[in-house]
Amino acid sequence: MNKYIEFQDKNICHVCKNEVFSKVNGLNIHRNCIPKSNLDEVSACVRYSKLVEEIIKEIKYKYHYDIVSLIADLMLKNLDISKLRNSILVPVPLHRAKKRVRGFNQAELIALEISSKIKKYGISTQVIELIRRVRNTKTQVGMTRQQRVHNLTDAFIIHKDNSISKSSKIVLVDDVMTTGSTLEECAKVLRKDGLKEIKAMVFSQA
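Asker: Help me understand unusual backbone geometry, please; the structure alone is not making it clear to me.
Answerer: Glycine aside, the phi torsion of most residues is negative, and most peptide linkages are trans. The phi dihedral of asparagine 25 falls on the positive side, at around 55 degrees, and the residue is not glycine. Note on asparagine 25: relative accessible area 75%, which makes it exposed. A positive phi angle, near 55 degrees, is found at asparagine 86, a position not held by glycine. Here asparagine 86 is to be found in the loop between helix 2 (66–78) and strand 2 (87–91). A relative accessible area of 57% means that asparagine 86 is categorised as exposed.

Set out below in structure tokens:
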């Protein structure tokens, strides 16, 4: 097992997973990939590895919450935090049944840590649970991309009582991005609700 965490030191397009050498309007995405995604870009902190997998499991299943603070520190160290200024951090939601059993949503914990830590840089953010997960979907481990997309269809909706401006800067937050299906489905419902600027930041991208 890799005993080291490797920072993601390349600009990777979240659509085709290839390196971006010439950014489009400062974003990590290829021009021809833009029409294929509901996300403007995805920023990943570290490369996925068995060690990263074990770290995430420590949070999800062994309740070692102190690791969340470490993850937030690493993300703020390796990502362009200026892009978070005046943004709304939206954690990828768990279904209420799963959250009730687990007791927490790790994406929400990461978002709250980032929002708290980033204040020392003079950067203001909000954490808002803007999206609800209305279907308790099956675990996606081992699924193909097509199976993941089918599994997540109509799984998310916007909270009815939200009153944020449609010009708000939205940053989806999650622990790991594998195929991107979950982030894309979340971004899709945000687009349908009229949000224009939607990015995502994750601890690790597989």
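Asker: When you look at the packing of helix 2 against helix 4 (residues 106–117) in this model, what are you seeing that I'm missing?
Answerer: Think of two packed helices as two axes; the pair is described by the angle between the axes and how far apart they sit. Running from N to C, helix 2 and helix 4 point in directions that differ by 60 degrees, and their axes come no closer than 9 Å. What the angle tells us is that helix 2 and helix 4 run oblique. Crossing handedness for the pair helix 2 and helix 4: right-handed. In this structure, helix 2 contributes Val68, Ser69, Ile71, Ala72, Asp73, Met75 and Leu76 to the contact, and helix 4 contributes Leu109, Ile110, Glu113, Ile114 and Lys117.

Asker: Is there a simple way to explain the pairing of strand 7 (residues 197–205) in this structure?
Answerer: Where a strand is regular, its side chains alternate between the two sheet faces. Counted residue by residue, strand 7 has 8 buried out of 9 residues, so it is predominantly covered. In this sheet, strand 7 lies alongside strand 1 (residues 41–47) in parallel orientation, the contact comprising 6 bridges. Residue pairing across strands places arginine 47 opposite glutamine 205, the latter belonging to strand 7. Bridge count between strand 6 (residues 169–177) and strand 7: 8 bridges; the pairing is parallel. Its bridge partner being in strand 7, aspartate 174 is matched across the sheet by valine 202. Between the parallel pair strand 6 and strand 7, the chain is carried across by helix 6 (residues 181–192), and the sense of this crossover is right-handed.

Asker: I keep staring at helix 4 and nothing clicks. Help me out?
Answerer: Three or four residues apart is the spacing at which side chains of an α-helix point the same way, because the helix has 3.6 residues per turn. Here helix 4 contains 12 residues, and its C-alpha end-to-end distance of 16 Å stays within 8% of the 16 Å for a straight helix at 1.5 Å per residue. Within helix 4, burial applies to Gln106, Ala107, Glu108, Ile110, Ala111, Ile114, Ser115 and Lys117. Structurally, the start of helix 4 carries an N-cap: the backbone nitrogen of alanine 107 is 3.1 Å from a side-chain oxygen of asparagine 105.

Asker: What should I look at first to understand the pattern of salt bridges in this one?
Answerer: Any two side chains of opposite charge can pair, so long as their charged atoms come close to each other. The full count for this structure, using the stated rule, is 14 salt bridges. Across the pair glutamate 6 and arginine 47 runs a salt bridge, and its minimum N-O distance is 3.5 Å. Of this pair, glutamate 6 sits in the segment before strand 1 while arginine 47 sits in strand 1, placing them 41 residues apart in sequence. The exposure class assigned to glutamate 6 is partly exposed, which follows from its relative accessible area of 39%. Given the relative accessible area of 28%, arginine 47 is considered partly exposed. Connected through salt bridges with shared partners, the residues Glu6, Asp9 and Arg47 form a single ionic network.

Asker: I keep staring at a positive patch on the surface and nothing clicks. Help me out?
Answerer: Side chains of Arg96, Arg100, Arg132 and Lys160 sit close together on the surface and give a patch of like positive charge. Residue placement: arginine 132 occurs in strand 4 (residues 131–133).

Asker: What should I look at first to understand the state of the cysteines in this one?
Answerer: One way to say it: the disulfide is the covalent bond shared by the sulfur atoms of two cysteines. Evaluated as defined, the whole model comprises 0 disulfides. Cysteine cysteine 33 shares no disulfide, and the gap to the nearest cysteine sulfur, in cysteine 13, comes to 3.8 Å. In this structure cysteine 186 is not part of a disulfide, and its nearest cysteine sulfur, from cysteine 13, lies 19 Å away. A residue is classified by how much of its surface remains accessible, and cysteine 186, at 0% relative accessible area, is buried.

Asker: Please clarify how helix 1 (residues 50–62) should be interpreted in this entry.
Answerer: In this model helix 1 runs 17 Å from its N-terminal to its C-terminal C-alpha over 13 residues, within 8% of the 18 Å that 1.5 Å per residue would give. When helix 1 is considered as a whole, its buried residues turn out to be Leu51, Val52, Glu53, Ile55, Ile56, Glu58 and Ile59. Its buried side turned inward, helix 1 meets strand 1, helix 2, helix 4, strand 6 and strand 7. One or two residues past the end of helix 1 sits tyrosine 63, with phi positive at roughly 60 degrees.

Thresholds applied
Residues numbered from 1 in each chain as written. Predicted model: local features only at pLDDT ≥ 70, side-chain atom pairs only at ≥ 80, totals over all residues. Heavy atoms only, no water. Buried < 20%, exposed > 50% of the residue type's maximum accessible area, 1.4 Å probe, protein only. Helix = DSSP H or I, 4+ residues; strand = E, 2+ residues; numbered from the N terminus. Axes fitted to C-alpha atoms, helices over the stretch in contact; angles between N-to-C directions. Parallel < 35°, antiparallel > 145°, perpendicular 65-115°, else oblique. Left-handed = near helix turned anticlockwise from the far one by under 90°. Contact = heavy atoms within 4.5 Å. Pairing = 2+ DSSP bridges. Right-handed = clockwise from strand over helix to strand, strands pointing away. Expected span 1.5 Å × (residues − 1). Polar contact = N/O pair within 3.5 Å; in protein donor to acceptor, adjacent residues only side chain to side chain. Salt bridge = Lys/Arg side-chain N within 4 Å of Asp/Glu carboxyl O. Patch = residues over 30% accessible without salt bridge, like charges linked within 9 Å, V, L, I, M, F, W, Y side chains within 5 Å. Areas by Shrake-Rupley, 256 points an atom, 1.4 Å probe, with all protein chains shown as cover. Lys, Arg positive; Asp, Glu negative; His and termini not counted. Charge placed at Lys NZ, Arg CZ, Asp CG, Glu CD. Disulfide = S-S within 2.5 Å.

Bear in mind that shape data such as this cannot, by itself, settle questions of function.
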